[in-house]
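If you want the building blocks of each chain, they are given just below.
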Amino acid sequence: MGIGMAVKQEELTKKTEENAAVGHVGVPVTLHGRELVPNQRIPLNLDWVEEVRVNTSAVERRAATIPARRSVKKDWQAAWLLRAIACMDLTTLSGDDSAERVKRLCAKAQRPLQDHLVKALGIEELHLTTGAVCVYHAFVETAVKALEGSNIPVAAVSTGFPAGLSPLAERVEEIRRSVEAGASEIDIVITRAHVFNGEWNALYDEVAAFKEACGAAHMKAILGTGDLLTLRNVARASWVAMMAGSDFIKTSTGKEAVNATLPVSLVMVRAIRDYAERTGMSVGFKPAGGIKTAKQALDWMATMKDELGRPWLEPTLFRYGASSMLGDIERQLEHHVSGRYSATYRHPIA
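Residues numbered from 1 in each chain as written. Predicted model: local features only at pLDDT ≥ 70, side-chain atom pairs only at ≥ 80, totals over all residues. Heavy atoms only, no water.

Colleague: Is there a simple way to think about the overall build of the chain in this case?
Modeller: Summing up its helical and strand segments, the chain has 14 helices and 12 strands in all. Its C-alpha atoms give the chain a radius of gyration of 20 Å, near enough to 20 Å, the size a compact globule of 350 residues would have. Judged by the C-alpha coordinates and their principal axes, the chain covers about 65 × 45 × 35 Å. For the chain, with 350 residues in total, the buried portion stands at 55%. Considering only residue pairs separated by 6 or more positions, the chain has 78% of its internal contacts joining residues 24 or more positions apart. Total accessible area computed for the chain in this model is approximately 14,900 Å², and 52% of it derives from carbon and sulfur atoms. Taking the 42 positively charged and 41 negatively charged side chains of the chain as two groups, their mean positions are separated by 6 Å. (Helix = DSSP H or I, 4+ residues; strand = E, 2+ residues; numbered from the N terminus. Rg over C-alpha atoms; globule rule 2.2 N^0.38 Å. Buried < 20%, exposed > 50% of the residue type's maximum accessible area, 1.4 Å probe, protein only. Contact = heavy atoms within 4.5 Å. Areas by Shrake-Rupley, 256 points an atom, 1.4 Å probe, with all protein chains shown as cover. Lys, Arg positive; Asp, Glu negative; His and termini not counted. Charge placed at Lys NZ, Arg CZ, Asp CG, Glu CD.)

So, in C-alpha cells, the structure goes:
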C-alpha cells in the first residue's frame, strides 16, 4: 500500500469514527443546548393537537431543495454512507419469507459489506453492522437465534401489520408474543380511521396500550402517512403518538401506494423538534418504503442533521426501513475505493 493510500484510509477512518460509529450507545441527545431525556407517556393535550398548522406549499418548496443541493463528496460521502448502514433496519416483509431467507438477512446484517470493501476502507475496527433486523412475528425466534452474540436488535412488525384492523385485544397480544419471543423493538400500526375522524382520544389510548404491551421493548409507531391525505393529519397523528409514549414515529408500512417522502418527513421531524422543545423529551424517526438509493439515504440524513442536529444521526434516534438501498450503498463504496461501479448482482441482500 502506498503512502498516499495509507493517509487516505487513515483520514477516512477518522471521519468514519466521527460520523459512522455503530451500536446503541449514542452521543448525548441535546437540542438547542438543552439535554433531552427519552420519551415517556404524558397526558393527551388536545390543545397541542388542534393548534397544529402546516403550510403545505412552504413544506414542499423546502423539501424540493434538499435533493437539488450539492451533496457531500469523497471520503465524507463514504463516511455518511457507512452511517446510513448503521442506521438501517434490514427488512424482509414478504409473503414468501422463509426461515432460510431470514437467516441470510441476519448474516448480511452482521457483515453488511464484503470483506474486500471493509479492508479497502480501513474500517475493520468499526465492526460495522446494520441498526436492526425487521421481520414478521413468525420469524422473530429465528432472527434472535441467528443474531445471537451480535448485539443487533430484532424488530417485529405487529398489531395486524400492515392494515392494523384486527381487534385491539389481538393486536396487543401479538405485541406481547413478539416480546416474549425475543423482539427488542416493535413496529406497531395505528388505526388510520382515528385520524380521519379526529378521534384523538381513541388514537392516544390505542398507542398507549401498545406501548404498555411493549414493556422494555422500543416501540415505533407507523402512521401510514400515504393514507392520511393531508400533511396536517400527519402532524397531528405524530403529536398524539408521541404523547402516548412512542419511542419512534415511522412514516409507512412500505405497503402503501405512497410511502416515505421528503415533505412528509419534514413535517414529522419538525413535530419531533417542537415536541422536544415543549417536553424536554426525544423521539426517534424512521422513514420507510421507497428509499432505494444511496443518494436518497444522504438526502434523509441531511434532513435530520439540518432539522434536529447531530444526535439524530445515531441509530438510537434514526432508522431507515430499507433493504434494497444497501446494495446501492455497496456499489457507491465500491466506486469510492476502486473508481469503478460493480454490477448489482454482486451485492446480494438475502
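Here the narrative resumes.
Colleague: When you look at unusual backbone geometry in this model, what are you seeing that I'm missing?
Modeller: If a residue is not glycine, its phi is most likely negative; likewise, a peptide bond is most likely trans. The omega angle of the peptide bond from Phe161 to Pro162 is 0°, so this bond is cis rather than trans. Looking at the secondary structure, you find Pro162 in the loop between β6 (154-157) and α8 (168-181). One non-glycine residue with positive phi stands out, namely Asn151, at about 65°. Position of Asn151 relative to the elements: it lies in the loop between α7 (140-146) and β6.

Colleague: Would you explain the sheet that holds strand β8 (residues 218-222) in this entry?
Modeller: Hydrogen bonds between backbone groups are what pair the strands of a sheet, and the pairing can be parallel or antiparallel. Read across the sheet, 8 strands follow the order β11-β9-β8-β7-β6-β5-β4-β12 without closing on themselves; strand pairing throughout is parallel. In the strand order of this sheet, the two ends are held by β11 (284-286) and β12 (320-322), each with one partner. Across the sheet, the mean angle separating the axes of adjacent strands is 25° when strand polarity is ignored. With 3 bridges joining them, strand β4 (residues 88-91) and strand β5 (residues 132-136) adopt parallel strand pairing. (Pairing = 2+ DSSP bridges. Axes fitted to C-alpha atoms, helices over the stretch in contact; angles between N-to-C directions.)

Colleague: What exactly am I supposed to notice about the layout of surface pockets here?
Modeller: The calculated volume of the largest pocket comes to roughly 490 Å³. Along its surface, the largest pocket is lined by 24 residues, and Thr91, Leu93, Gly321, Ala322 and Ser323 are the ones closest to its centre. At the level of secondary structure, the elements contributing two or more residues to the lining of the largest pocket comprise α5 (99-110) and β12. For the lining of the largest pocket, the class distribution of residues is 8 nonpolar, 11 polar and 5 charged. By volume, the second largest pocket amounts to about 250 Å³. Elements supplying a minimum of two residues to the lining of the second largest pocket: α3 (56-68), α11 (231-243) and α12 (262-279). (1 Å grid on protein atoms, 1.4 Å probe; cavity = no way out; pocket = protein on both sides within 12 Å on 5 of 7 lines; lining within 4 Å. Points joined across faces, edges and corners; volume = space filled by probe spheres on them. Nonpolar A, V, L, I, M, F, W, Y, C, P; charged D, E, K, R; others polar.)

Colleague: Mind showing me how you'd approach the environment of Ser238 here?
Modeller: Along the polypeptide, Ser238 turns up in helix α11. Through-space distance from the C-alpha of Ser238 to that of Tyr320 is 17 Å; in sequence the pair is 82 residues apart. If sequence neighbours within four positions are ignored, Ser238 has contacts with Leu223, Ile249, Met268 and Ala271. Within polar-contact distance, the side chain of Ser238 engages the backbone oxygen of Val234 at 2.8 Å. (Polar contact = N/O pair within 3.5 Å; in protein donor to acceptor, adjacent residues only side chain to side chain.)

Colleague: Sorry, what's going on with the pairing of β5 here?
Modeller: The side chains of a regular strand alternate between both faces of the sheet. The buried fraction of β5 amounts to 4 of the 5 residues, a majority that puts the element mostly inside the structure. As paired elements, β5 and β6 share 4 bridges and run parallel to each other. Considered in β6, the bridge of Val133 is made with Val154. Chirality of the crossover, the property in question, places the unit of β5, α7 and β6 among those that are right-handed. (Right-handed = clockwise from strand over helix to strand, strands pointing away.)

Colleague: What exactly am I supposed to notice about helix α14 (residues 324-338) here?
Modeller: Note that an α-helix has 3.6 residues per turn; residues three or four places apart therefore point the same way. The end-to-end C-alpha separation of α14 is 22 Å, in line with the 21 Å expected for 15 residues at 1.5 Å each. Considered for burial, the residues of α14 that qualify are Met325, Leu326, Gly327, Asp328, Ile329, Glu330, Gln332, Leu333 and Glu334. The secondary structure elements touched by the buried residues of α14 are α4 (74-86), β4, α5, α6 (115-121), α13 (294-307) and β12. (Expected span 1.5 Å × (residues − 1).)

Colleague: Please clarify how the packing of aromatic side chains should be interpreted in this entry.
Modeller: Aromatic ring pairs are described here by two measures, namely the spacing of the ring centres and the angle between the planes. Evaluation of the coordinates by the stated rule reveals 4 aromatic pairs. On the numbers, 5.6 Å between centres and 65° between planes, the contact of Trp48 with Trp239 is edge-to-face. A residue pair is termed long-range when its members are at least 10 positions apart, and Trp48 in helix α2 (residues 46-50) and Trp239 in helix α11 qualify at 191 residues. When sorted by exposure, Trp48 lands in the same class as Trp239, which is buried. (Phe/Tyr/Trp six-rings, centres within 6.5 Å; stacked < 30°, edge-to-face > 60°.)

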